[in-house]
Amino acid sequence: MRYAEISRKTNETDIKLALELDGKGIHDIKTGCGFLDHMLELFTSHGRFNIKLSCKGDTHVDFHHTVEDVGISLGQAFKNALGNKKGIARYGSFILPMDETLILSAIDFSGRVFLNYDVEIFTPKVGDFDTELSKEFWLGFARESFSTMHIKKLSGENSHHIIEAIFKSTARAIRQAVKFDPDYENEIPSTKGII
């Protein structure tokens, strides 16, 4: 079973997270930010990951630390659950339509950190959620999962749709990348021999 538990406590957040890569999309998520909870529930469902997550953050300030630190913790959990990455597909990509929105997400669990977030969102908030925090979440995830990620908006106007499509398409891209590839059953999927 590919599984990881993360416990991360700072002066700003206290996070406990359990991730099972080969799951059914079962989730128990409480971050104190309703919009983030909703996005992560969609992420688990579309990625078929099981996630149990609790975060107590300084939400009286705003949601920045909570969103960023949850992204960091989730990235660490994926890195730990993947181990040496033997047998995985390594790469994944998905183009997801959601009404007027079309999002491309691609990931390589390469060991090299990079995020290209080519997304314009037209409103500063969805409810009480700052839309710029979507980028902060994925930046934390990319850094801590040691992955290369590209997230590109091909079309879209509604801010909620754009962010929701990002979480769904990225989940499906990650699901492809972490799946076992029978061609690499006993191999690291790299000519270097390590990732």
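Source: prediction; values computed, not measured.

A. Quick peek at the overall build of the chain. Check the secondary structure of the chain and you find 4 helices and 10 strands. Principal-axis analysis of the C-alpha atoms places the extent of the chain at approximately 50 × 40 × 30 Å. Split into buried and exposed, the 195 residues of the chain put 52% on the buried side. Contacts in the chain between residues far apart in sequence, at least 24 positions, make up 77% of those at least 6 positions apart. Accessible surface for the chain amounts to roughly 9,200 Å². Of this, 49% is attributable to carbon and sulfur atoms. Between the centroid of the 24 positive side chains of the chain and the centroid of its 28 negative side chains there is a distance of 6 Å.

B. Representation of empty space enclosed by the protein in the model. Applying the stated criterion across every chain, the model contains 1 cavity of 30 Å³ or more. Taken as a whole, the largest cavity holds about 30 Å³ of empty space. At the level of elements, β4 (50-57) and α2 (64-82) are the ones that each hand at least two residues to the lining of the largest cavity. Considering only residue class, the lining of the largest cavity consists of 7 nonpolar, no polar and no charged.

C. Structural context of the packing of α2 against helix α3 (residues 133-145). Between α2 and α3, the shortest axis-to-axis distance is 7 Å and the interhelical angle comes to 30 degrees. Here α2 is positioned roughly parallel relative to α3, judged by the angle of their axes. Crossing geometry of α2 relative to α3 is assigned as right-handed. Packed against α2, whose contacting residues are His 64, Val 67, Glu 68, Val 70, Gly 71, Ile 72, Leu 74, Gly 75, Gln 76, Phe 78 and Lys 79, the element α3 presents Leu 133, Glu 136, Phe 137, Gly 140, Phe 141, Glu 144 and Ser 145 at the interface. A per-class count over the contact of α2 with α3 returns 8 nonpolar, 6 polar and 4 charged.

D. Up close: the sheet that holds β4. Strand order in the open sheet formed by 4 strands is β1-β2-β4-β3, with mixed pairing between adjacent strands. Each of the sheet's edge strands pairs with one partner strand only, and the pair in question is β1 (3-9) and β3 (27-30). The mean inter-strand angle of the sheet, taken between neighbouring strand axes irrespective of direction, is 5 degrees. Bridging between β3 and β4 involves 4 bridges; their strand directions are parallel. Its bridge partner lying in β4, His 27 is registered against Ile 51. Its contacts with the sheet put helix α1 (residues 34-47) on β3 and β4, and the angle it makes with β3 is roughly 160 degrees.

E. Spatial organisation of the packing of aromatic side chains. All told, the structure shown has 10 aromatic pairs when counted by the stated rule. Residues Phe 35 and Phe 129 carry aromatic rings whose centres are separated by 4.7 Å and whose planes lie at 40 degrees to one another, so their mutual orientation is tilted. Here Phe 35 is found in helix α1, whereas its partner Phe 129 is found in strand β9 (residues 129-130), with 94 residues between them in sequence. Both residues of the pair, Phe 35 and Phe 129, count as buried. Both rings, one in Trp 138 and one in Phe 167, keep their centres 5.0 Å apart while their planes meet at 55 degrees; by these two values the pair is tilted. Of this pair, Trp 138 sits in helix α3 while Phe 167 sits in helix α4 (residues 159-178), and the two are 29 residues apart along the sequence.

What counts and what doesn't
- Residues numbered from 1 in each chain as written.
- Predicted model: local features only at pLDDT ≥ 70, side-chain atom pairs only at ≥ 80, totals over all residues.
- Heavy atoms only, no water.
- Helix = DSSP H or I, 4+ residues; strand = E, 2+ residues; numbered from the N terminus.
- Buried < 20%, exposed > 50% of the residue type's maximum accessible area, 1.4 Å probe, protein only.
- Contact = heavy atoms within 4.5 Å.
- Areas by Shrake-Rupley, 256 points an atom, 1.4 Å probe, with all protein chains shown as cover.
- Lys, Arg positive; Asp, Glu negative; His and termini not counted.
- Charge placed at Lys NZ, Arg CZ, Asp CG, Glu CD.
- 1 Å grid on protein atoms, 1.4 Å probe; cavity = no way out; pocket = protein on both sides within 12 Å on 5 of 7 lines; lining within 4 Å.
- Points joined across faces, edges and corners; volume = space filled by probe spheres on them.
- Nonpolar A, V, L, I, M, F, W, Y, C, P; charged D, E, K, R; others polar.
- Axes fitted to C-alpha atoms, helices over the stretch in contact; angles between N-to-C directions.
- Parallel < 35°, antiparallel > 145°, perpendicular 65-115°, else oblique.
- Left-handed = near helix turned anticlockwise from the far one by under 90°.
- Pairing = 2+ DSSP bridges.
- Phe/Tyr/Trp six-rings, centres within 6.5 Å; stacked < 30°, edge-to-face > 60°.

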